[in-house]
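This is what each chain is made of:
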Amino acid sequence: MNRIQTKLKESKKLLSIYFTAGYPSLNDTTTILQNLEKSGVDMVEIGLPFSDPLADGPTIQASSTQALQNGMTTEVLFNQLKDIRKTVSIPLIIMGYFNPMLQYGVEAFCKKCQEIGIDGLIIPDLPVDVYNDDYKAIFEKYGLINVFLITPQTSVERIHFIDAISNGFIYMVSSASVTGSSSGFGEEQTNYFKRIADMKLNNPQIIGFGISDNETFTQATTHAKGAIIGSAFIKHLTNKGVANMDAFVSNILK
Amino acid sequence: MNYNINEKGYYGEFGGAYIPEMLYPNVEELRQNYLKVMAEPDFIKEFDQLLKDYVGRPSPLYFAKRLSEKYNTKVYLKREDLNHTGAHKINNTIGQILMAQRLGKHRIIAETGAGQHGVATATVCALMGLECIVYMGEIDIARQAPNVARMKMLGATVIPALSGSRTLKDATNEAIRDWINNPVDTHYIIGSVVGPHPYPDMVARFQSVVSEEIKWQLQEHEGKTQPDYVVACVGGGSNAAGAYYHFLQDTDVKLIAVEAAGLGVDSGESAATSVLGKEGVIHGSKTLLMQTNDGQITEPYSISAGLDYPGVGPMHAHLYKTGRAEFIAITDDQAMKAGLQLCKLEGIIPAIESSHALAVFEQKKFQPEDIVVLSLSGRGDKDLQNYIDYFEL
């Protein structure tokens, strides 16, 4: 069983953290991963930086630009992660845009992920239907879980379609927004969380976008299996560097 | 061979809709409705009426006598430069604003590079009394001040794109992010035949009025509807798509696409996507684009702000790949000389984009009996400062 699937079977609510590989410094990747695991994080999304990240707000975008300037590439990231399974055992997901994967070669990319011990991928601009027609078989061959997004605007019919294709979790975008743009959840979002929870989907949901502190984490995980923090963690890295992760994580989970 | 779009939104292997799920409802709504709306008699009537009375269509098909003599062939100029707002861009924005109204949208966003599409969008928003927000790279805002002022006078809000390289591709990213953040009341008017399906097809259809007119105008001039060649410059490719549209399946009509070579195709400062680009995904479309080996999108260069886009529309990628269109790259210097020559020979100051198309006559020999229709996509007023600086006028 894939590490993601095993993790999802645990009874606790899950905290997943996103960071952009190559930020703040090119070679911070393994340190960040090791520190996050030590701090009690359940799962990590490693962002493969892209020049034109359409779904991301200013914080993640700026970290991507910096990471690329620092020299991050697909090859560099794979080299950094080569021995990661010797020291880190929590599920690891690579999140990136489709074009860099396409240039590396989708199959070569998936093969490399399997060799390293990556458990899943999130590719926001690879649509569900294209994945289903062209790439699903490749992902399955290399034991990778592909994670799809849903939003408050996603139709019930489409949610069921996405649920049927997924074999890990569904990434629930909390509101109609790019990353890092909202603060706090209102009634509209809570109702949306409840509505999806009531659908009793096969795949558990993990909520992302707009989670930044204990309050939003608690609100999200009242209705979902877990929550993902991205922009708030990038800001933490910018301000505090790679050292003080315990403080950041315990503040969320307190 | 089919050169039009197929039912899945692809031109051959290019096109599609590679968009984040957050954009899916918007794009899907448009996909399901665009053909239906465009076929409504009431839509057709209003579109045609506005093109006639407001834009000033049909634009003339002008036999350029002195230019023809100089190159010993028959050159016709399709005068899109005479349209209201000075370029072909308005054909598309008129169509899309009517589409937005019928979809019940009351907030309009757009991206712009040089500002031509921004002005054309601000114009139709003023015409219809709709809110207009234009994203423009911070660097472009600085170098295109007159167009920024025009948009403001027309009531638009111009928001600087501060991310990435702060030019057209980043303005496009910002517009897409705005659409993600405003999924219900907003329509995004894309300015070229780029972006996710159905945009390339929808924009091509709105621009297809150009080739529709060429056919009957040529019938009047020459007693036949087919030219031997249609020549147009290509950045994203909307004026070329319009000029080619009704000739795509007629392979007796040869198509020439002119790209901006900048300082030279191999100089590192170029926008010749067909030569320098590789297959990839940009702004929701699988097409040819300029990128690093690692798949990061690179910044193109051309003296023409309308041609320095790192991708090309999927229709043109397909025309290139299949050999249906011949692609020619023209440098800054070649374009500027051709632009000045048109001023002197015909009394027409062309946009620098169109000057690239005009430079083809120095690169390619046509026969005396050949009928060459060239899309004069825009007028040169906006480029005056560039011409002044270049020629030290």
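These figures come from a predicted structure and were not determined experimentally.

Draft legend 1. Spotlight on the overall build of chain B. Along chain B, the regular secondary structure elements total 17 helices and 14 strands. Against the globule reference of 21 Å for 393 residues, chain B gives a C-alpha radius of gyration of 19 Å, in line with a compact fold. The 393 residues of chain B split such that 60% are buried. Sequence-distant contacts, at least 24 apart, represent 74% of the contacts inside chain B between residues at least 6 apart.

Draft legend 2. Geometry of the nonpolar core. Core analysis: the biggest nonpolar cluster contains 207 residues, and A:Tyr171, A:Ala227, B:Val134, B:Val230, B:Val231, B:Ala232 and B:Val258 have the highest contact counts within it. Counting the residues that make up this core, at least three belong to each of domain 1 (12-50 + 89-203) and domain 2 (56-87 + 209-391) of chain B. Non-local contacts of B:Val134, meaning those with residues more than four positions away in its chain, are made with B:Ala110, B:Thr112, B:Gly118, B:Thr121, B:Ala122, B:Met151, B:Ala156 and B:Val158.

Draft legend 3. Just the confidence of the model for chain B, in detail. Taken residue by residue, chain B gives an average pLDDT of 96. The fraction at 70 or more is 100%. Across the interfaces of the predicted complex, the ipTM metric reaches 0.94, alongside a pTM of 0.96.

Draft legend 4. Quick peek at the domain arrangement of chain B. Residues and elements named next belong to chain B. The domains assigned to chain B are domain 1 (12-50 + 89-203) and domain 2 (56-87 + 209-391). In this structure, domain 1 and domain 2 have C-alpha centres spaced 22 Å apart. Across the contact, 34 residues belong to domain 1 and 34 residues belong to domain 2. Put simply, the parts of the chain that give the side of domain 1 that touches domain 2 at least two residues each are strand 2 (14-15), helix 4 (89-102), helix 5 (116-128), helix 7 (145-153), helix 8 (168-181) and helix 9 (199-207). Looking at side-chain class alone, the side of domain 1 that touches domain 2 contains 15 nonpolar, 16 polar and 3 charged residues.

Rules used in this analysis
- Residues numbered from 1 in each chain as written.
- Chains lettered and ligands numbered in written order.
- Predicted model: local features only at pLDDT ≥ 70, side-chain atom pairs only at ≥ 80, totals over all residues.
- Helix = DSSP H or I, 4+ residues; strand = E, 2+ residues; numbered from the N terminus.
- Rg over C-alpha atoms; globule rule 2.2 N^0.38 Å.
- Buried ≥ 20, exposed ≤ 12 C-beta atoms within 10 Å, placed from the backbone.
- Contact = placed C-beta atoms within 7 Å.
- Core = buried A, V, L, I, M, F, W, Y, C linked by C-beta atoms within 7 Å.
- Domains from an automatic or database assignment.
- pLDDT = per-residue confidence, 0-100.
- Nonpolar A, V, L, I, M, F, W, Y, C, P; charged D, E, K, R; others polar.

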